[in-house]
Amino acid sequence: MKIVLFILIILGFSLHSVAQNPDWKVPEDKEKQLSPFKFEEVNIEEGKKIFEANCTSCHGTPGQGNFIALDPPPGDPATAKFQDNSDGALHYKVTNGRGAMPSFKNILSSTEIWNVIAYIRSFNPDYAQEVAKKVVEGTFGAKDLKILLAFINENSTIEASVTGYKDGQKIPLENAEVNLFAKRYFGNFLVDEAKRTDENGVATFQAPADLPGDTAGLINFYAKLPNEDLYGTVETDTVIQAGVPIQPVSLRAKRAMWNTVDMAPLWILITYTTIVIAVWSIIFYILFQLRKIFIIGKDD
């Protein structure tokens, strides 16, 4: 028991030390990573929406200094502490997270993260963007890579076909790693493990049999090639009927705290009624006693 307690104490001190350490080492190749597109007003506006939905709760509004009190503090993205990071470093940190900073790897796409960076950079008047040169997509030199998703009903699999163009001809991308996610309200759900494309440029994923969809079983799938250094940003969103149809149930369909009087929990109705009866009984008792005192005083 003492040994376990000692280990827990050492671990606690270690985690506290990591939290207090302001240095966040970024791999050199990620430090030098550049956005594949130029930051335009449309990217800044999109980044603002994403930032407000995912980042404001901790970092506050850029330039306002109203971030929450954490140890270490999350900081204001408009300050030099953030702006001195390279674009690649910001992308790496948002993607992977550390400590209290969550990872957005399975929540935001790479393009969405670059849009957030575009928004953060809009608070730096001295920022001059350097855009990545067009990547040669793959060792075979194919261009305009695209991912197409299809659901194979016979074996409940999802096929991701990756193709590009070389010398005007459409050809498959072989041996490329592909990630597949099902989009959810609070992040992306990883579907199966990462797969590699075969000689036909197809990566096959097994769809979970119990994956919930909408009322028609439709699910919004998101696929991407994670190796951006090699392929650039290649991703797609596709709605596929590959889930279990789910009929939404009204929050007021059953007895619940937030329901109407008719469907409120019985214990609440009984408790409420008992308290009301008790309160009014006390009031009537007090009034009755006051009346008796009044009558006694009048008789005297």
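Below or above, wherever it landed, is the structure these notes cover. (Residues numbered from 1 in each chain as written. Predicted model: local features only at pLDDT ≥ 70, side-chain atom pairs only at ≥ 80, totals over all residues. Heavy atoms only, no water.)

## A short note on the packing of helix α3 (residues 41-54) against helix α7 (residues 110-121)
Two elements in contact, α3 and α7, have axes separated by 7 Å at closest approach and are oriented at 100 degrees. One way to sum up the angle between α3 and α7 is to call them roughly perpendicular. In contact with Asn-43, Ile-44, Glu-46, Gly-47, Lys-48, Ile-50 and Phe-51 of α3, α7 contributes Glu-112, Asn-115, Val-116, Ala-118 and Tyr-119. When grouped by side-chain class, the residues that make up the contact of α3 with α7 number 6 nonpolar, 3 polar and 3 charged. (Axes fitted to C-alpha atoms, helices over the stretch in contact; angles between N-to-C directions. Helix = DSSP H or I, 4+ residues; strand = E, 2+ residues; numbered from the N terminus. Parallel < 35°, antiparallel > 145°, perpendicular 65-115°, else oblique. Contact = heavy atoms within 4.5 Å. Nonpolar A, V, L, I, M, F, W, Y, C, P; charged D, E, K, R; others polar.)

## Quick notes on α3
Because each turn of an α-helix spans 3.6 residues, side chains separated by three or four positions end up pointing in the same direction. For α3, spanning 14 residues, the distance from its first C-alpha to its last is 20 Å, which sits close to the expected 20 Å at 1.5 Å a residue. Of the positions making up α3, those classed as buried are Asn-43, Ile-44, Gly-47, Ile-50 and Phe-51. Seen from one end, α3 has its buried residues packed into an arc of 125 degrees, which puts them on one side. For α3, the exposed residues lying more than 90 degrees away from the buried face are Glu-41, Val-42, Lys-49 and Ala-53. (Expected span 1.5 Å × (residues − 1). Buried < 20%, exposed > 50% of the residue type's maximum accessible area, 1.4 Å probe, protein only. Arc of directions from axis to C-beta.)

## Looking at the pattern of salt bridges
Under the defined criterion, the tally for this structure stands at 5 salt bridges. Note that Glu-28 is salt-bridged to Lys-32, the shortest N-O span being 3.1 Å. (Salt bridge = Lys/Arg side-chain N within 4 Å of Asp/Glu carboxyl O.)

## Focus on a nonpolar patch on the surface
Among the surface-exposed residues, Ile-275, Val-279, Trp-280, Ile-282, Ile-283, Phe-284, Tyr-285, Ile-286, Leu-287, Leu-290 and Ile-293 lie close enough to one another that they form a single nonpolar patch of about 1,100 Å² accessible area. Its location among the elements puts Ile-283 in helix α9 (residues 266-299). (Patch = residues over 30% accessible without salt bridge, like charges linked within 9 Å, V, L, I, M, F, W, Y side chains within 5 Å. Areas by Shrake-Rupley, 256 points an atom, 1.4 Å probe, with all protein chains shown as cover.)

## Description of the layout of surface pockets
For the second largest pocket, the calculated volume is near 470 Å³. Lining the second largest pocket are 19 residues, with Lys-183, Arg-184, Tyr-185, Gly-187 and Asn-220 sitting closest to its centre. Class assignment for the residues of the lining of the second largest pocket results in 9 nonpolar, 5 polar and 5 charged. (1 Å grid on protein atoms, 1.4 Å probe; cavity = no way out; pocket = protein on both sides within 12 Å on 5 of 7 lines; lining within 4 Å. Points joined across faces, edges and corners; volume = space filled by probe spheres on them.)

## Remarks on the environment of Gly-232
Mapping Gly-232 onto the fold places it in the loop between α8 (228-231) and β9 (235-241). Look at Gly-232 and you get buried, because its relative accessible area is 10%. For the pair Gly-232 and Ala-132, spaced 100 residues apart in sequence, the C-alpha to C-alpha distance is 9.2 Å.

## Let's talk about the side chain of Asn-188
Tracing the backbone through its elements, the reader meets Asn-188 in strand β5 (residues 187-190). Asn-188 gets classed as buried once you look at its relative accessible area, which sits at 13%. There is a polar contact of 3.3 Å between the side chain of Asn-188 and the backbone oxygen of Ile-107. In contact with Asn-188, not counting residues within four places along its chain, are Asn-106, Ile-107, Leu-108, Phe-181, Ala-182, Lys-183 and Tyr-222. (Polar contact = N/O pair within 3.5 Å; in protein donor to acceptor, adjacent residues only side chain to side chain.)

## Digging into the nonpolar core
The biggest cluster of nonpolar side chains holds 24 residues, and the ones touching the most others in it are Ile-147, Leu-149, Leu-180, Phe-221 and Leu-225. If near-sequence neighbours (up to four positions away) are discounted, Leu-225 is found in contact with Leu-145, Ile-147, Val-162, Leu-173, Glu-177, Val-178, Tyr-231 and Val-234. Phe-39, Val-94, Ala-118 and Tyr-119 belong to the second-largest nonpolar core, a separate cluster that totals 18 residues. (Core = buried A, V, L, I, M, F, W, Y, C linked by side-chain atoms within 4.5 Å.)

## Considerations on the environment of Arg-184
One can find Arg-184 in strand β4 (residues 177-184). We classify Arg-184 as partly exposed; its relative accessible area is 35%. Considered as a pair, Arg-184 and Asn-220 are 36 residues apart in the sequence and their alpha carbons are 8.3 Å apart. Filtering out sequence-adjacent residues up to four positions away, Arg-184 remains in contact with Phe-189, Leu-211, Pro-212 and Ile-219. One polar contact links the side chain of Arg-184 to the main-chain carbonyl oxygen of Pro-212, over a distance of 2.7 Å.

## A short note on the pairing of β4
In this sheet, strand β6 (residues 195-196) lies alongside β4 in antiparallel orientation, the contact comprising 2 bridges. What sits directly across from Val-178, in β6, is Lys-195. Across 4 bridges, the pairing between β4 and strand β8 (residues 218-224) is antiparallel. If you follow Phe-181 over to β8, its bridge partner there is Tyr-222. Relative to β5, β4 runs antiparallel, the two being bridged by 4 bridges. The residue bridging Lys-183 from the neighbouring strand is Asn-188, located in β5. Connecting the antiparallel pair β4 and β5 is a turn made up of 2 residues. (Pairing = 2+ DSSP bridges.)

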